Amino acid sequence: MKVAFHTLGCKVNQVETEQLKEEFIARGYELVDFTREADVYIINTCTVTHTSDRKSRSLIRRAIRSNPLAIIAAVGCMAQVNADQLAGIEGLNLIVGNRDKEHIVDIIEEYLAAGSHACRIFAGPLAASTSLKIAAYTRHHQRTRGFIKIQDGCENFCSYCIVPFTRGPVRSKKPADVLLEIDQMLSLGYKELVLTGIHTGLYGYDIPDWDIGKLLQEIFTRIKGRYRLRLSSIEPLEVSETLIEIAVSEPGFCRHLHIPLQSGSDDILRAMNRRYDRYYYKKMLSDISKQIPDIALTTDIMVGFPTESESDFMQSVELLQELPVYDLHVFKYSLRRGTDAALLSPQVNEAEKQRRSQLLINIARQKKSEFIKGLDNRELEVLVEKKTGPDRYQGLSDNYVQVELKSRQEITGEFVNIVLGVNGTPIYKAASDVNR
Ligand code: 5AD
Ligand code: SF4
């Protein structure tokens, strides 16, 4: 039997797809590309915005067209909260939410055995006790950077966000299992591990005496060797002193923190239920950047949240201009049924969201180039991720700068030290000059 996957959305979803692939392989299935004809298609859906919904639906339809006789399963976040809408898609066989998706192989085998083609839905509620399984990998699923899911769920209920409904309560992977998973990935050859979760900063919330800082300390104490760790994202209120101490003192911790801001207006932050204000955020970023030179601080920002006025938006613009950020991801607010913000008025029209978004994208571009200029002549440690052409390689520095390298020797998967040229142009070095 051939199985094909397509994944939408966040890194957690990507990691979960990799775990599902492992399960299918272990049960004798052959993995094929999503564009090929398969017997089973799994679409791991996302529903964070209406665009994610649309993409999820269109991929389901594409799979149905590829092989109308195949079993088509929509799994993940959209399946969890929007099963009814998906059930209207003719030819979709299975709708399996986040609670049940880890059992998808069994569900498919039972479905095949039953012989009916009627659509079946598995979208039961996620409980705090729904445990987080350790992942077992037998194959390399990314390049040199591997992702480890340490946590699932969110209980913040930001007023715009559907995620607490799709992912349920906070559950953390046992510290011992995280360590085992890291060992496993290092022995597969990964050199950088990214700790991901839906709300990574709440790691340990459900385990007495554990938090993300302690987990990081434990990893660095117990696991020796040449590797580096990156944290995928952390909420402003969870950036603790311990975390900053680790970032300052632990050379294996990447100088990169993604700390979502969402808005620069205190009124909007309050309406979003974010529980910090612009002053708090600004002070935090300025303290971090003073303590950790050249740290890449990145953020998410939303435009067009309901009631966001021109003056609220301008506060986001002004704040971003003052912040020491390297990159920002701009999101246009998307109304999600069932969230508190869906009931707020006035909602901002699409053209206005588009205009605000474009303005922030321009600021993002400018911020990025300022950050890279600030790194002139700085030595950076780069992990070479892939070969891009004859003697050409691409890598990533610990502070998230993508670098092109020239080398006559094969250097994929190696750490190399390079010096950035003026205006951030990398100095292409011959392999003999590359300082390993
Ligand atoms: N509309 C637009 N963006 C959203 N995000 C979460 N919910 C929504 C929504 N309803 C964005 C937030 C978050 C990122 C992962 O997704 O900016 O940080
Ligand atoms: Fe959504 Fe807020 Fe939870 Fe992030 S912290 S997943 S934005 S509710």
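In what follows, the structure referred to is the one given above.
Quick look at the structure, then. Because the structure is a prediction, the values reported are computed rather than measured.

**Focus on the site of ligand 2**
Right, so step 1: In the neighbourhood of ligand 2, the contacting residues comprise C154, N156, F157, C158, Y160, C161, V163, P164, H199, E235 and R274.
Right, so step 2: Of the residues assigned to the shell around ligand 2, the class counts are seven nonpolar, two polar and two charged.

**Thoughts on the nonpolar core**
Right, so step 1: In this structure, Y160, I219, F253, L257, I259, I288 and L360 are the most contacted members of the largest nonpolar core, which totals 67 residues.
Right, so step 2: Broken down by element, this core gets its largest block of residues, five residues, from helix α8 (residues 212-222).
Right, so step 3: Listed in part, the 22 residues of the second largest apolar core include A38, A63, M78 and A79.

**Some thoughts on the site of ligand 1**
Right, so step 1: Neighbouring ligand 1 are the residues V48, T49, Y160, Q262, D300, M302, F331, K332, Y333, S334 and R336.
Right, so step 2: Between ligand 1 and the protein, one listed contact pairs an oxygen atom with a side-chain N or O atom of Q262 at 2.8 Å.
Right, so step 3: Within the backbone of S334, an N or O atom sits 2.9 Å from a nitrogen atom of ligand 1.
Right, so step 4: Considered on its own, ligand 1 offers 400 Å² of accessible surface; in the complex 84% of this is hidden by protein.
Right, so step 5: Of all the secondary-structure elements, those providing two or more residues to the shell around ligand 1 are β13 (296-303) and β14 (327-332).
Right, so step 6: Of the residues in the shell around ligand 1, the class split is five nonpolar, three polar and three charged.

**So, the sheet that holds strand β3 (residues 40-45)**
Right, so step 1: Taken in spatial order, the six strands of this open sheet run β2-β1-β3-β4-β5-β6, and their pairing is parallel. Only two strands of the sheet have a single neighbouring strand rather than two, namely β2 (30-32) and β6 (120-122). Neighbour-to-neighbour, the strand axes of this sheet turn through a mean angle of 20 degrees, independent of strand direction.
Right, so step 2: Against the sheet, helix α1 (residues 11-26) makes contact with β1 (2-7), β2 and β3, and its axis sits at roughly 175 degrees relative to β1, the strand it touches most.
Right, so step 3: Its contacts with the sheet place helix α5 (residues 104-114) against β3, β4 (71-76), β5 (94-96) and β6, and it is angled at close to 155 degrees to β5.

**Brief notes about helix α12 (residues 310-322)**
Owing to its 3.6 residues per turn, the α-helix aligns residues three or four sequence positions apart on the same side.
Right, so step 1: With 13 residues, α12 extends 18 Å between its outermost C-alpha atoms, agreeing within 8% with the 18 Å of an ideal straight helix rising 1.5 Å per residue.
Right, so step 2: When we look at burial in α12, the residues that qualify are D312, F313, S316, V317, L319 and L320.
Right, so step 3: For α12, the elements touching its buried residues are α10 (266-272), α11 (278-291), β13, β14 and α13 (350-373).

**Brief notes about unusual backbone geometry**
Right, so step 1: That bond from S345 to P346 is cis: its omega, 0 degrees, falls within 30 degrees of zero.
Right, so step 2: In this structure, P346 sits in the loop between β14 and α13.
Right, so step 3: In this structure, Q262 takes a positive phi of about 75 degrees despite not being glycine.
Right, so step 4: By the element assignment, Q262 lies in the loop between β12 (256-258) and α10.
Right, so step 5: At D294, a position not held by glycine, the phi torsion is positive, near 65 degrees.
Right, so step 6: As for its placement among the helices and strands, D294 is situated in the loop between α11 and β13.

**Side note on the environment of V403**
Right, so step 1: Within the secondary structure layout, V403 lies in strand β17 (residues 402-406).
Right, so step 2: With relative accessibility at 0%, the residue V403 sits in the buried group.

Here is what the cut-offs are and how they apply
Residues numbered from 1 in each chain as written. Chains lettered and ligands numbered in written order. Predicted model: local features only at pLDDT ≥ 70, side-chain atom pairs only at ≥ 80, totals over all residues. Heavy atoms only, no water. Near = heavy atom within 4 Å. Nonpolar A, V, L, I, M, F, W, Y, C, P; charged D, E, K, R; others polar. Core = buried A, V, L, I, M, F, W, Y, C linked by side-chain atoms within 4.5 Å. Buried < 20%, exposed > 50% of the residue type's maximum accessible area, 1.4 Å probe, protein only. Helix = DSSP H or I, 4+ residues; strand = E, 2+ residues; numbered from the N terminus. Polar contact = N/O pair within 3.5 Å; in protein donor to acceptor, adjacent residues only side chain to side chain. Areas by Shrake-Rupley, 256 points an atom, 1.4 Å probe, with all protein chains shown as cover. Pairing = 2+ DSSP bridges. Axes fitted to C-alpha atoms, helices over the stretch in contact; angles between N-to-C directions. Contact = heavy atoms within 4.5 Å. Expected span 1.5 Å × (residues − 1).

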